[in-house]
Every structure is written in structure tokens, then in C-alpha cells.
Amino acid sequence: MRRIKLTIVSMLVTIVILLVYLSLFTQNYITTGDDNLIFISEHNIKSSKSSSINLPKDYTNKFPEIIDLIRKMNVSPLLVTLINRAYLPFAFSWLCNTEQMGIHKQVLFITTDEESKDQLNKLWPKINVVAISGMSAVSTDQSYSHAGYIRLMIRRTQILLDILQNNIPIFLFEVDCLWIRNPVPSLVKNEGYDILVNPVSNRPGVVAGGFIYMFPTNATKFLWTELNAKLLTLEKKISKLSPEKGIPESENDQMYLSDLVKDELVG
């Protein structure tokens, strides 16, 4: 059996951004006697082929380009984040803050529009950026657990599944935070686990969707495939909703992922 290790990120809120102090501790929900959490790895999922699980036709033809770029980057782990035009100020702030950490060559920005890609390329020409088509409707500011936000998270989940199926370790992060120090060395040394996740400090049992390290194991691929399937079902339900339409908070990628993690922890 493999294990899933939960990391706690101490958070300080400022007027402009969320400050995240990346210290790694263990948060225990279910233990095996050695204070580590169990993650069951009994599912045999083939990992030699890129995923093609019911992905919308408008987006499947973009994934090979993303995978090709990642292969050209030839880095491990891959640090990946998805942003839209509204998040560009956060992206620029994050890039300035981490410039001296030596990690930019490992970073891939996925944008929802060509304009954001062009601005990133202009100001940070050494950063790898790729734009996905068909997402212009959600390039502006999106509210948490609204239809537009959910569509962004669905696309992110699909792309991450494709990356995992190509056996690439992923550190999923978000740019609306300040890194006090580089967390990557502390994360990569945890081989033997499947996923490192960060619980939301004031919401027990809820996984933070913006700080996840994934080893491309069969167990990780299985969990992410399950998450993708749930989100594809949700996408059909909200297909006719405007981006500004609110959705029950129980119906989003964060809650689905949290439930899947808890299901694996209890066996």
C-alpha cells in the first residue's frame, strides 16, 4: 500500500495577496501506527498512453501540444498552474518573488487566452506558456463555485490527467500566494507516497486545490480519473448556465477531490 501525506501550509492574509509559509508538517486523520496516512494503491491503470476519457473535441487537440512542450522542457517535477487574464497581476508578482529560487525553468503557465500568453511571453520570455482555445468566456475574474470558475477547474483537471498519464510528476500551484521559500526540495523527497495535499486550515477534511504534489503512480492516476469523471458529469449539468451563475459549494472540484481522498483514506 502507498500512502498519502498531508502537508499544512501556514497562511497569513494581507490586503493584496495570501501569504503562504511553506512549512511541512503532518496532519493525521487515520494512522497506521507510524503516524502516516494510508492511500490504497490496488487499482491497475495503464500509464503508457495519454488519457482520452470523454474529453470535449474542442480541447483534446490542444493536449498533445501541451505534452510536447512539457517533453521539450524535460524537467521533473513539472510546476504547473492555470491562469486567466484577471490573474495576470498575481502571476507577475509570483514570478518576481520566485525569480531567485531557480525553479522558473520547471514552470508551465497554462492560460485561457492568447492575450495573457503574449503578455507573459513579453515580460518573462524564458517562462514556458501555452494557451488553450475556447475559454475566452472565462478570461475575466471568476468567483469561487460559480459556473465560469467550475469550467476553468474542469479544464485544469483534464489537462493534469493527461500529464499524469504521460508519467510526469506534477506540482500544481496557484499564483495568488507568496512563497517564503522554495518547497520543491521538501516535496520531491517523499517518494513512496502518491499525492501530497494541503488541508484547508479552518475546514477539516477539505483539501486545498492550489497546492498539490502528484507522483504519477497508478493510484494517483486512478484518483484523478475518478475526479475527471465526476467533473465531466457536472459539466453537463451546468452546460447552459452563465459564468456568473452560482453553484452549490458541494458541487466543485475541491469538494469532489476532498471526498475522493477521504474515501481512499478509509479504504
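This text goes with the structure placed above it.
Analysis parameters
- The residue numbers shown here count from 1 along each chain, following its written sequence.
- Thresholds applied to this predicted model are a pLDDT of at least 70 for local features of residues and 80 or more for the giving and counting of side-chain atom pairs; totals over whole chains, interfaces and linings are not thresholded and use all residues.
- Side-chain measures were taken over the full set of non-hydrogen atoms in the model, leaving aside hydrogen atoms and water.
- Where helices and strands are cited, they refer to DSSP runs of H or I of at least four residues and of E of at least two residues respectively, numbered from the N terminus.
- Each residue's exposure class comes from its accessible area (1.4 Å probe, protein chains only) as a fraction of the maximum for that residue type: buried when under 20%, exposed when over 50%, partly exposed otherwise.
- Note on definitions: a residue-residue contact is assigned when non-hydrogen atoms from the two residues lie within 4.5 Å.
- By nonpolar core is meant a set of buried Ala, Val, Leu, Ile, Met, Phe, Trp, Tyr and Cys residues that side-chain atoms within 4.5 Å join together.
- For helices, the axis comes from a line fit to the C-alpha atoms of the stretch in contact; other axes are also lines fit to C-alpha atoms, and the angle between any two N-to-C directions lies between 0 and 180 degrees.
- In this scheme, roughly parallel covers angles under 35 degrees and roughly antiparallel covers those over 145, while 65 to 115 is roughly perpendicular and the rest are oblique.
- By the definition used in this description, the sense in which the near helix is turned from the far one sets the handedness, with an anticlockwise turn below a right angle giving left-handed and a clockwise turn giving right-handed.
- Asp, Glu, Lys and Arg are counted as charged, while Ala, Val, Leu, Ile, Met, Phe, Trp, Tyr, Cys and Pro are counted as nonpolar; the rest, among them Gly, fall into the polar class.
- Pairs were defined over the aromatic rings of Phe, Tyr and Trp, the Trp ring being its six-membered one, requiring ring centres within 6.5 Å. Orientation was assigned from the angle between planes: stacked under 30 degrees, edge-to-face over 60, tilted for the rest.
- Both site types are read off a 1 Å grid over the protein atoms alone. A 1.4 Å probe that fits but cannot get out defines a cavity, while an open set with protein on both sides within 12 Å along at least five of seven lines defines a pocket; lining residues have an atom within 4 Å of a point.
- Grid points are joined across faces, edges and corners, and a volume is the space filled by probe spheres set on the points.
- Following DSSP output, two strands are said to pair if at least two bridges run between them.
- Look down the strands so they point away from you; if going from the first strand over the helix to the second traces a clockwise path, that crossover is right-handed.
- In what follows, salt bridge is the name for a side-chain nitrogen of Lys or Arg lying within 4 Å of a carboxyl oxygen of Asp or Glu.

A. Molecular detail of the overall build of the protein chain. What the protein chain contains, in helices and strands, is 8 helices and 11 strands. Each of the 267 residues in the protein chain was classed as buried or not, and the buried ones make up 53%. When contacts within the protein chain are restricted to residue pairs at least 6 apart in sequence, those whose partners lie at least 24 apart make up 74%.

B. Structural context of the nonpolar core. Within the largest apolar cluster, 44 residues are counted, with the highest numbers of intra-cluster contacts made by Leu78, Leu108, Ile163 and Trp224. Element by element, the count of residues in this core is highest for helix 5 (residues 147-165), at 11 residues. Once you skip the residues sitting within four places of it in the chain, Leu108 turns out to touch Ile66, Leu69, Ile70, Met73, Leu78, Leu79, Val80, Thr81, Asn128, Val129 and Val130. Core analysis: the second largest hydrophobic core is formed by 26 residues, Leu79, Phe171, Val175 and Val184 among them.

C. View of the side chain of Ser258. Among the structural elements, Ser258 can be located in helix 8 (residues 253-265). In contact with Ser258, other than residues within four places in its own chain, are Gly205, Val206 and Val207.

D. Representation of the packing of helix 5 against helix 7 (residues 218-237) in the model. Taken N-terminus to C-terminus, the directions of helix 5 and helix 7 make an angle of 150°; their axes are 9 Å apart at the nearest point. With respect to helix 7, the element helix 5 is oriented roughly antiparallel. At the point where helix 5 passes helix 7, the crossing takes the left-handed sense. Every residue of helix 7 that contacts helix 5 at Ile150, Met153, Ile154, Arg155, Thr157, Gln158, Leu160, Leu161, Leu164 and Gln165 is listed here: Thr220, Lys221, Trp224, Thr225, Leu227, Asn228, Leu231, Leu232, Leu234 and Glu235. Taken together, the residues that form the contact of helix 5 with helix 7 break down as 11 nonpolar, 6 polar and 3 charged.

E. Representation of the packing of aromatic side chains within the structure. Tallied over the entire structure, the rule returns 10 aromatic pairs. Aromatic ring contacts, followed pair by pair, group Trp94, Phe109, Phe171, Phe173, Trp179, Phe211, Tyr213 and Phe215 into a single cluster.

F. The arrangement of the side chain of Asp113 in detail. Within the secondary structure layout, Asp113 lies in the loop between strand 6 (107-111) and helix 4 (114-123). With relative accessibility at 9%, the residue Asp113 sits in the buried group.

G. A look at empty space enclosed by the protein. For the structure shown, the criterion picks out 2 cavities of 30 Å³ or more. Considered as a void within the structure, the largest cavity measures approximately 60 Å³ in volume. If you trace the largest cavity, you find it lined by Arg156, Thr157, Leu172, Gly209, Ile212, Trp224, Leu227, Asp253, Gln254 and Leu257. Of all the elements in the fold, those that place two or more residues in the lining of the largest cavity are helix 5, strand 11 (207-214), helix 7 and helix 8. Among the elements that make up the lining of the largest cavity, the one with the highest residue count is helix 8 (3 residues). For the lining of the largest cavity, the class distribution of residues is 5 nonpolar, 3 polar and 2 charged. Around the second largest cavity, the lining residues are Val80, Thr81, Leu82, Ile110, Arg156, Ile159, Leu160 and Leu172. Class assignment of the residues belonging to the lining of the second largest cavity gives a composition of 6 nonpolar, 1 polar and 1 charged.

H. Expanded view of the pairing of strand 6. With respect to burial, strand 6 is a largely interior element, 5 of its 5 residues being buried. Of the pairings in the sheet, the one linking strand 5 (residues 78-83) to strand 6 comprises 5 bridges and is parallel in character. By the bridge assignment for strand 6, Leu79 is matched with Val107. This β-α-β element, strand 5 to helix 3 (residues 88-98) to strand 6, shows right-handed connectivity. With 4 bridges connecting them, strand 6 and strand 7 (residues 128-131) associate as parallel partners. Directly across from Thr111, in strand 7, lies its bridge partner Ala131. Following the chain from strand 6 across helix 4 to the adjacent parallel strand 7, one finds a crossover that is right-handed.

I. Quick look at the pattern of salt bridges. On inspection of all chains with the given rule, the structure shows 7 salt bridges. In this structure, the salt-bridge partner of Asp113 is Arg85, at a minimum N-O distance of 3.8 Å. Placement of Asp113 in the loop between strand 6 and helix 4 and of Arg85 in the loop between strand 5 and helix 3 is noted, with a sequence separation of 28 residues between them. The partner of Arg156 in a salt bridge is Asp253, with the nearest N and O atoms 3.7 Å apart. Here Arg156, found in helix 5, pairs with Asp253, found in helix 8; they are 97 residues apart in sequence, far enough to count as distant. Taking relative accessible area as the criterion, Asp253 reaches 6% and is therefore assigned buried. Bridged by salt links that share partners, the residues Arg85, Asp113 and Glu115 form one connected network.

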